[in-house]
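Spelled out from the first residue to the last, the chains are:
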Amino acid sequence: MREINASIPFDKALWREDIAASKAHVAMLGAQQIISSADATQISDGLDAVAAEYEANGVPEDWDLEDIHMTTESRLAELIGPVAGRLHTARSRNDQVATDFRLWVRSTVAQVDAGLEQLQQALVTRAGEHAAIIMPGFTHLQTAQPVTLGHHLMAYYEMIRRDRSRFADARSRLNESPLGCAALAGTGFPIDRDATAAALGFDRPAANSLDAVSDRDFALDYLMAAAQCSLHLSRLAEEFIIWASQPFGFVRLPDTLSTGSSIMPQKKNPDAAELVRGHAGRIIGCATALMVTMKGLPLAYSKDMQDDKPPVFEAAGLLGLSIAAMTGMVADSTFNAARMRQAAELGYATATDLADWLVREADIPFREAHHITGGAVKLAESRGVALDALSLEELQAIDARIDARVFAALSVDASVASRASYGGTAPEQVRHQVAQARKALGMDL
């Protein structure tokens, strides 16, 4: 029972939040004259002393004390004597842990948001540098149409923008204080829950004591946002893994985020990116674990909920590492513009431009234009050349309605430049989106 019941090995991570919530609580008890001002001051000073010990030496793990709450209260009693027992007036470990955990998640959301902002800045910076660098755009991992590298990188900026909005939503919902709800029914003492909520930076006290002590939606909100973010990071990591492979050769990863082989000296392995890809699975698993824990619990608190913190702590650690790794990878990788352009030219990525030209200039129905273009691609493929390397005579042999104007549409440069609709891949559009993003991020202040 001692081993299965103790949570101090992991919930000691909440010590700063536990001290802060206890100080807010005891200050309120003193202000409401539930305990004397002298006792409130002595307890608050004692909590400061305990915090200083934890900061210097870490939190001791005495499994007989079960958790961070009893560990702190026990040490407080050793320092100031029986008056420490007044700290727990008008509260329970149920509202105490719910408050501490919310404070921890709120702080973690702020850290994640700061990391994601740095990743956005790296993406925007590199997108601006490569707004006109041409690369193949893919569907089904097959060459589809030429795009710019800047456009590709800005796609991830948009993904991370949505991730930040999800974390912001999660923070908004979690910012209600459970403190003062006690075990499940509130308390008969004349407490001031608005005062403790304000002292801890909450927007308001939670409205229902049963819900407040048993709610872990805030942790699930965080994990859902983390899981979605990890999917985006994993997709970006996969791009870099593919691009760094020798058949692609689009990018050279920084040495600081790569490793060598134990047997093959020529290898430069994208281990950091692969670990980011792997971490996504673990973060998704953390979200699933807490959902399954919570799915069948009646109101209010059940001991199952002691297992709420490990998956959140694990996900937070993995996500922080993943964000840092991908920020470094985006910022410090070297892109091979010539290889990207060559791949775009050899993949017949301007086939759609030929079909569009036939529709626009020769008034041919798109389905017929699609068929004509297929013939041109087949000829270019048989000769091992790009579409714009075919002669006018060869193109007219496929369809006599093609004239010399077509060559203005067949180069990858012309194709990219023509995609100037809002949100398109044209360099002018990419630069516009970069400028808007820099403004939103405050990068030019």
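Attention here is on the structure that accompanies the text. Here the structure is a predicted model, which means the values were calculated and not measured.

### Considerations on helix 11 (residues 271-294)
Line of reasoning, step 1. End to end, helix 11 covers 35 Å across 24 residues, agreeing with the expected 34 Å (1.5 Å per residue, within 8%).
Line of reasoning, step 2. Along helix 11, the positions that sit buried rather than exposed are A272, A273, V276, H279, A280, I283, C286, A287, L290 and M294.
Line of reasoning, step 3. Those residues of helix 11 that are buried lie in contact with helix 9 (209-214), helix 10 (217-244) and helix 12 (309-332).

### Regarding the packing of helix 11 against helix 12
Line of reasoning, step 1. Closest axis-to-axis distance for the helix 11/helix 12 pair is 9 Å, and the angle between their directions is 155°. By the angle class used here, helix 11 and helix 12 are roughly antiparallel. Crossing of helix 11 over helix 12 shows left-handed handedness. Mapping the contact onto sequence places A272, A273, V276, H279, R282, I283, C286 and L290 in helix 11 and P311, V312, E314, A315, L318, L319, S322, A325, M326 and M329 in helix 12.

### Examining the pairing of strand 1 (residues 134-139)
Consecutive side chains of a regular strand alternate in pointing toward one face of the sheet and then the other.
Line of reasoning, step 1. Sheet topology places strand 1 next to strand 2 (residues 142-148); 6 bridges connect them, and they run antiparallel. Paired with P136 across the strands is P146, a residue of strand 2.
Line of reasoning, step 2. Between strand 1 and the antiparallel strand that follows it, strand 2, lie 2 residues; H140 among them carries a positive phi value of about 60°.

### Digging into the pattern of salt bridges
Line of reasoning, step 1. Following the criterion strictly, the structure yields 31 salt bridges and no others.
Line of reasoning, step 2. When the shortest N-O distance is used, the salt bridge between D221 and R173 registers 2.9 Å. Here R173 lies in helix 7 (residues 149-174) and D221 lies in helix 10, a separation of 48 residues in the sequence.
Line of reasoning, step 3. D221 gets classed as partly exposed once you look at its relative accessible area, which sits at 22%.
Line of reasoning, step 4. The salt bridge involving D353 is made with R419; its shortest N-O contact spans 3.0 Å. Remark: R419 occurs in the loop between helix 18 (412-418) and helix 19 (427-441) and D353 occurs in helix 14 (residues 351-362); sequence separation between them is 66 residues.
Line of reasoning, step 5. The network of salt bridges with common partners includes R360, E361, D403 and R405.

### A few points about a nonpolar patch on the surface
Line of reasoning, step 1. Residues L184, L210 and L299 make up a contiguous nonpolar surface patch of about 260 Å² in total accessible area.
Line of reasoning, step 2. Mapped onto the elements, L299 comes out in the loop between helix 11 and helix 12.
Line of reasoning, step 3. A relative accessible area of 60% means that L299 is categorised as exposed.

### Focus: the packing of aromatic side chains
For any two aromatic rings, the description comes down to two numbers: the centre-to-centre distance and the angle of the planes.
Line of reasoning, step 1. Inspection of the entire model under this criterion finds 11 aromatic pairs.
Line of reasoning, step 2. Each ring, one from W243 and one from F250, has its centre 6.4 Å from the other, and the planes form 50°; the classification is tilted.
Line of reasoning, step 3. By relative accessible area, which is 2% here, W243 ends up buried.
Line of reasoning, step 4. Grouped by ring-pair contacts, the aromatic residues F138, F240, W243, F248, F250 and F335 constitute a single cluster.
Line of reasoning, step 5. The positively charged end of R106 is found above the aromatic ring belonging to F202, 5.0 Å away from the centroid.
Line of reasoning, step 6. Here the basic side chain of K309 rests over the ring of F101, its NZ or CZ set 5.4 Å away from the ring centre.

Rules and cut-offs
Residues numbered from 1 in each chain as written. Predicted model: local features only at pLDDT ≥ 70, side-chain atom pairs only at ≥ 80, totals over all residues. Heavy atoms only, no water. Helix = DSSP H or I, 4+ residues; strand = E, 2+ residues; numbered from the N terminus. Expected span 1.5 Å × (residues − 1). Buried < 20%, exposed > 50% of the residue type's maximum accessible area, 1.4 Å probe, protein only. Contact = heavy atoms within 4.5 Å. Axes fitted to C-alpha atoms, helices over the stretch in contact; angles between N-to-C directions. Parallel < 35°, antiparallel > 145°, perpendicular 65-115°, else oblique. Left-handed = near helix turned anticlockwise from the far one by under 90°. Pairing = 2+ DSSP bridges. Salt bridge = Lys/Arg side-chain N within 4 Å of Asp/Glu carboxyl O. Patch = residues over 30% accessible without salt bridge, like charges linked within 9 Å, V, L, I, M, F, W, Y side chains within 5 Å. Areas by Shrake-Rupley, 256 points an atom, 1.4 Å probe, with all protein chains shown as cover. Phe/Tyr/Trp six-rings, centres within 6.5 Å; stacked < 30°, edge-to-face > 60°. Lys NZ or Arg CZ within 6 Å of the ring centre and 35° of its normal.

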